[in-house]
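# Structural description and commentary
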Amino acid sequence: MINQVTLVGRLTEDPEMRFTSEEKAVVNVTVALNRFGRGSRLDNEADFIPCVIWGKQAENTAEYCRKGTLVGINGELQTRNYVNREEKKVYVTEVLVDKIRFLSKNKEQKVDDIEVVVEESN
């Protein structure tokens, strides 16, 4: 089976890094993607895809990206569930990021295309 996702879109908010109890960095972001008009769809519709970034890539994303940054993401879909405070089961589908590319030029970086690929041993 193949579980592979490739996205190019813009971050909907500034990334905020947090750490797990094992001190591993993690960033949750949402990437906005334009839909292309087909049939009755409007040309200005968008999808908002939740993504999870771990480790050094999370640290770099939090440091170099802001709301509106254009990013390229490769990863895989994952689904999980949990029981919320109201005792209801909540299902989540998100992209577990393997590789992220920063495609926007920002004020602090003089580079148009930064690729951050970190091999981590688990």
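Before reading on, note that the structure itself is shown above.
Here goes a summary of the coordinates provided. (Residues numbered from 1 in each chain as written. Predicted model: local features only at pLDDT ≥ 70, side-chain atom pairs only at ≥ 80, totals over all residues. Heavy atoms only, no water.)

## Regarding the overall build of the chain
- Secondary structure summary: the chain contains 1 helix and 7 strands in total.
- What you see in the chain, going N to C, is helices and strands ordered as β-β-β-β-α-β-β-β.
- Burial analysis of the chain (122 residues in total) assigns 30% to the buried set.
- Pairs at least 24 residues apart make up 56% of the contacts formed inside the chain by residues separated by at least 6 positions.
- Accessible area of the chain: about 8700 Å², with a carbon and sulfur share of 47%. (Helix = DSSP H or I, 4+ residues; strand = E, 2+ residues; numbered from the N terminus. Buried < 20%, exposed > 50% of the residue type's maximum accessible area, 1.4 Å probe, protein only. Contact = heavy atoms within 4.5 Å. Areas by Shrake-Rupley, 256 points an atom, 1.4 Å probe, with all protein chains shown as cover.)

## A word on the environment of Gln78
- Relative to the helices and strands, Gln78 is located in strand β5 (residues 70-83).
- You can call Gln78 partly exposed: its relative accessible area is 25%.
- Residues Gln78 and Thr93 lie 15 residues apart in sequence; the distance between their C-alpha atoms is 5.8 Å.
- Not counting residues up to four positions away in its chain, the partners in contact with Gln78 are Val92, Thr93, Glu94 and Leu96.
- A polar atom in the side chain of Gln78 sits 2.8 Å from the side chain of Glu94. (Polar contact = N/O pair within 3.5 Å; in protein donor to acceptor, adjacent residues only side chain to side chain.)

## Thoughts on the pairing of β5
- Inspection of the sheet shows strand β1 (residues 5-11) paired to β5 by 6 bridges, in the antiparallel sense. Note on β5: the bridge partner recorded for Gly9 is Val71.
- In this structure, β5 lies alongside strand β6 (residues 89-102), joined through 13 bridges in antiparallel fashion. Within β6, the residue paired with Arg80 across the bridge is Val92.
- If you look at the hairpin formed by β5 and β6, you'll find 5 residues sitting between the two strands, and Glu87 has a positive phi there, around 65 degrees. (Pairing = 2+ DSSP bridges.)

## Brief notes about the pattern of salt bridges
- Scanning all chains against the criterion turns up 2 salt bridges.
- Note that Glu94 is salt-bridged to Arg80, the shortest N-O span being 2.7 Å. With a gap of 14 residues between them, Glu94 in strand β6 and Arg80 in strand β5 connect regions that are remote in the sequence.
- According to the relative accessible area criterion, Glu94 is buried, its value standing at 4%.
- Residue class for Arg80 comes out partly exposed when judged on its relative accessible area of 37%. (Salt bridge = Lys/Arg side-chain N within 4 Å of Asp/Glu carboxyl O.)

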